[in-house]
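Architecture and fold: a report
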Amino acid sequence: MSIFTDKKSSLEAKGFVVQDDNTVLGLNGQPEAGMDAYGQVWFKDEEIEAICNKVVEEEATPEEALVAADPVETELVRARNDKGHYIKDDPDTEVNEAWTTKVIKKLKPNKKKKKTK
């Protein structure tokens, strides 16, 4: 089964024709979406793309959505006070005050400048 046959009723409700498993025809009879021999899906019409991608959004669990979003990397570092000195742990509490999490910034590589003569 292809993505087009799975969403055939939604596509036909909008006036598109699902010709076979790999082709969707538009209102003028021209191919508007399809799948090539390598399994790559292509779209000429944004409306068809929105209908076909709607399946992915519905089936994604909340945990997968969080992972798919831009992941933020964190690391565990020693906590410091205003002067930069380490903060010790208070043994009377359950929370370890000596350690905290820090967000790691993603650095983009610098582009080398071309020398002009």
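Look up a bit, the structure's there.
Residues numbered from 1 in each chain as written. Predicted model: local features only at pLDDT ≥ 70, side-chain atom pairs only at ≥ 80, totals over all residues. Heavy atoms only, no water.

1. Some thoughts on the overall build of the protein chain
Rules: Strands are runs of DSSP state E lasting at least two residues, helices are runs of H or I lasting at least four, and both sets are numbered from the N terminus onward. Note on classification: 1.4 Å probe, protein chains only; a residue is buried when its accessible area is under 20% of the maximum for its type, exposed when over 50%, partly exposed between these limits. Between two residues, a contact is recorded if the distance between any of their heavy atoms is within 4.5 Å. All accessible-area figures derive from a Shrake-Rupley calculation using a 1.4 Å probe, and residue coverage is judged against the displayed protein chains alone.
Counting its secondary structure elements, the protein chain contains four helices and six strands. Ordered by position in the sequence, the α and β elements of the protein chain form the string α-α-β-β-β-β-α-α-β-β. Classification of the 117 residues of the protein chain by burial places 16% in the buried group. Sequence-distant contacts in the protein chain: of pairs separated by 6 or more residues, those separated by 24 or more amount to 31%. Summed over all atoms, the accessible surface of the protein chain reaches about 10,300 Å², with 52% contributed by carbon and sulfur.

2. So, the pattern of salt bridges
Oppositely charged side chains are able to pair whenever their charged atoms sit close together. Spelled out, the test is: By definition, a salt bridge exists where a carboxyl oxygen of Asp or Glu is found within 4 Å of a side-chain nitrogen of Lys or Arg.
Taken as a whole and judged by the stated rule, the model has one salt bridge. The salt bridge involving E47 is made with K14; its shortest N-O contact spans 3.8 Å. Of the two residues, E47 is situated in helix 3 (residues 46-59) and K14 in the loop between helix 2 (8-13) and strand 1 (17-20); the sequence distance between them amounts to 33 residues. On the basis of relative accessible area, K14 is assigned to the partly exposed category, the value being 48%.

3. Notes on the environment of Y86
What counts is decided by this rule: A 3.5 Å cut-off defines polar contacts: any pair of N or O atoms within that distance qualifies, except that in protein one atom must be a possible hydrogen donor and the other a possible acceptor, and neighbouring residues in sequence count only when both atoms are side-chain atoms.
Tracing the backbone through its elements, the reader meets Y86 in the loop between strand 5 (74-78) and strand 6 (99-103). Taking the C-alpha atoms as reference points, Y86 and A98, 12 residues apart in sequence, are found 7.4 Å from one another. Those residues in contact with Y86, other than ones at most four positions away along the chain, are R78, A79 and R80. A distance of 3.3 Å separates a polar atom in the side chain of Y86 from a polar atom in the side chain of R80.

4. Description of the nonpolar core
Note the cut-off: Buried residues of nine kinds, namely Ala, Val, Leu, Ile, Met, Phe, Trp, Tyr and Cys, make up a nonpolar core once their side-chain atoms join them within 4.5 Å.
F4, L11, F16, V18, V24, A33, I48, I51 and C52 together form the largest nonpolar core, which totals nine residues. Broken down by element, the residue count for this core peaks at three residues, all from helix 3. When near neighbours in sequence (up to four residues on either side) are disregarded, I51 contacts K7, S10, L11 and K14.

5. Description of the pairing of strand 3 (residues 31-35)
The condition is simple: Note: two strands are recorded as paired if DSSP finds a minimum of 2 bridges between them.
One ladder, built from three bridges, connects strand 2 (residues 23-25) with strand 3; its direction is antiparallel. Directly across from L25, in strand 3, lies its bridge partner P31. Linking strand 2 back to strand 3 in an antiparallel pair, the connection comprises five residues, with G29 at a positive phi of about 90°. In this sheet, strand 4 (residues 41-43) lies alongside strand 3 in antiparallel orientation, the contact comprising three bridges. Residue pairing for strand 4: A33 is matched across the bridge by F43. If you look at the hairpin formed by strand 3 and strand 4, you'll find five residues sitting between the two strands, and G39 has a positive phi there, around 90°.

6. Comments concerning the packing of aromatic side chains
Formally: Ring pairs shown here join Phe, Tyr and Trp side chains whose ring centres sit within 6.5 Å, with only the six-membered ring taken for Trp; geometry is labelled stacked below 30 degrees between planes, edge-to-face above 60, and tilted in between. Any Lys NZ or Arg CZ found within 6 Å of a ring centre and within 35 degrees of that ring's normal is scored as a charge over the ring.
Applying the stated criterion to the full structure yields one aromatic pair. A ring pair is formed by F4 and F43, whose centres lie 6.3 Å apart and whose planes are at 75°; its orientation type is edge-to-face. Taken together, the positions of F4 in helix 1 (residues 3-6) and F43 in strand 4 put the pair 39 residues apart, joining distant regions of the chain. One residue, R78, lies across the ring of Y86, its end atom 4.6 Å from the ring centre. Lying over the aromatic face of W99, R78 brings its terminal NZ or CZ to 5.6 Å of the ring centre.

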